[in-house]
Amino acid sequence: MNKIKLFEDKKIRTVWNEKEEEWYFSVVDVISALTDSTNPTDYLKKLRKRDRIVGVYIGTNCPQVDMVTNTGKLRKTLAAAPKQLLRIIQSIPSKKAEPFKLWLAQVGQERINEAQNPELTINRAMKQYKALGFSNDWINLRLQSIQVRKELTDEWDNSGVKEGLEYAILTNLMTKEWTGKTVKEYKKHKNLKKENLRDNMTTLELVLNMLAETTTTELSKTKLPKNFSESKTIAKEGGTVASNTRKEIEKRSGRSVISSKNAKILGHREVKKLK
């Protein structure tokens, strides 16, 4: 999916990679926006020659992606995901690039402070949720859900489950079991891309997701799975408990629990009540 994003009055072409669930940005367009160069392609060539390290980095990490040109045709274009893009920006000697560099330095300092004092992470999350318009009740529930998730992943660690792909597989099994949708399908239902799914759940969705995770944790502690395969079975069982509860609620309320609404729609309504 091709889109145009604006930086001030400059157009930046972007493409959404469905498989990787990642946005890719045209490197030349970003160069043009941050330097006002009349020939951003030439500027990029000189940048890669001047800074050999970033030149190798671009060659290794930035793929050629089909993007729409001004004439409406698809052409292979050097593109970068956000992580790679921020690395490239650090090498651009431009006043417009300076705010990004300062922001990166600030974020780095914040993460160092949070590593020394984890409570700061919670405070930052609360401020961000409040800025989105969520109520204190929803925010408190969301923070509890983070603890529930942590207890589950700790239990998976104890059971020999590997962080990363295996975590994702178990989460997907659990989600599919209680919602009827995979994580990707659920995010698509809410029109999400990179956003965190839990940050876009209604209160009821969040509660049921916590029920699935809490149940899975307790079953794992009781059954003591010895490997990933046994943990998959337990994850489905935990999802089934939440699924049964969801179906009972839907039977009595006459409407679906699984909402298509996301944080952009729900955020400012949380002050009153999530529907």
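Residues numbered from 1 in each chain as written. Predicted model: local features only at pLDDT ≥ 70, side-chain atom pairs only at ≥ 80, totals over all residues. Heavy atoms only, no water.

(A) Representation of the pattern of salt bridges within the structure. In this structure the tally under the stated criterion is 16 salt bridges. A salt bridge links D36 to K96; the shortest N-O distance between them is 3.3 Å. With D36 in the loop between α1 (27–35) and α2 (40–50) and K96 in the loop between α4 (82–89) and α5 (98–116), this residue pair connects regions lying 60 residues apart in the sequence. On the basis of relative accessible area, D36 is assigned to the partly exposed category, the value being 44%. Using a relative accessible area of 23% as the deciding quantity, one classes K96 as partly exposed. One salt bridge connects E114 with R124, and the closest N-O pair in it is separated by 2.5 Å. On the criterion of sequence distance, the pair formed by E114 in helix α5 and R124 in helix α6 (residues 119–131) is long-range, its members being ten residues apart. (Salt bridge = Lys/Arg side-chain N within 4 Å of Asp/Glu carboxyl O. Helix = DSSP H or I, 4+ residues; strand = E, 2+ residues; numbered from the N terminus. Buried < 20%, exposed > 50% of the residue type's maximum accessible area, 1.4 Å probe, protein only.)

(B) Spotlight on the pairing of strand β4 (residues 64–68). On β4, burial follows the alternation: V65 and M67 on one face are buried, whereas Q64, D66 and V68 on the facing-out side are not. The sheet contact formed by β4 and strand β5 (residues 74–80) spans five bridges and is antiparallel. Note on β5: the bridge partner recorded for D66 is K76. Between the antiparallel neighbours β4 and β5 lie five residues, among them G72 with a positive phi of about 90 degrees. (Pairing = 2+ DSSP bridges.)

(C) Representation of the nonpolar core within the structure. Membership of the largest hydrophobic core comes to 30 residues, with the highest contact counts inside it found for F134, W156 and W178. Those elements that provide at least two residues to this core are α6, α7 (136–158), α8 (165–179), α10 (203–223), α11 (228–253) and α12 (263–266). In terms of residues, this core owes the most to one element, α7, which gives seven residues. Listed in part, the 22 residues of the second largest apolar core include V27, L44, V54 and I92. (Core = buried A, V, L, I, M, F, W, Y, C linked by side-chain atoms within 4.5 Å.)

(D) Fine view of unusual backbone geometry. Phi at D36 takes a positive value of approximately 60 degrees, unusual for a residue other than glycine. Phi is positive for L224, which is not a glycine, with a value near 50 degrees. A relative accessible area of 55% places L224 in the exposed class.

(E) Up close: the packing of aromatic side chains. Evaluation of the coordinates by the stated rule reveals five aromatic pairs. Measuring from centroid to centroid gives 5.6 Å for W156 and Y167, while their planes differ by 55 degrees, and the two rings are tilted. Of this pair, W156 sits in helix α7 while Y167 sits in helix α8, and the two are eleven residues apart along the sequence. Y167 matches W156 in its accessibility class, with the two residues each being buried. An aromatic cluster is present here, built from Y129, F134 and W138 joined pairwise through their rings. In this arrangement the basic side chain of R87 is found over the ring face of Y57, its NZ or CZ atom lying 5.9 Å from the centre. (Phe/Tyr/Trp six-rings, centres within 6.5 Å; stacked < 30°, edge-to-face > 60°. Lys NZ or Arg CZ within 6 Å of the ring centre and 35° of its normal.)

(F) Region of the structure containing α10. Between its terminal C-alpha atoms α10 stretches 30 Å, which fits the 30 Å expected from 21 residues at 1.5 Å a residue. When we look at burial in α10, the residues that qualify are E205, L206, L208, N209, M210, A212, E213, T215, T216, T217 and S220. The inward-facing, buried residues of α10 contact α7, α8, α9 (183–189) and α11. A positive phi of about 50 degrees marks L224, the residue just after α10. (Expected span 1.5 Å × (residues − 1). Contact = heavy atoms within 4.5 Å.)

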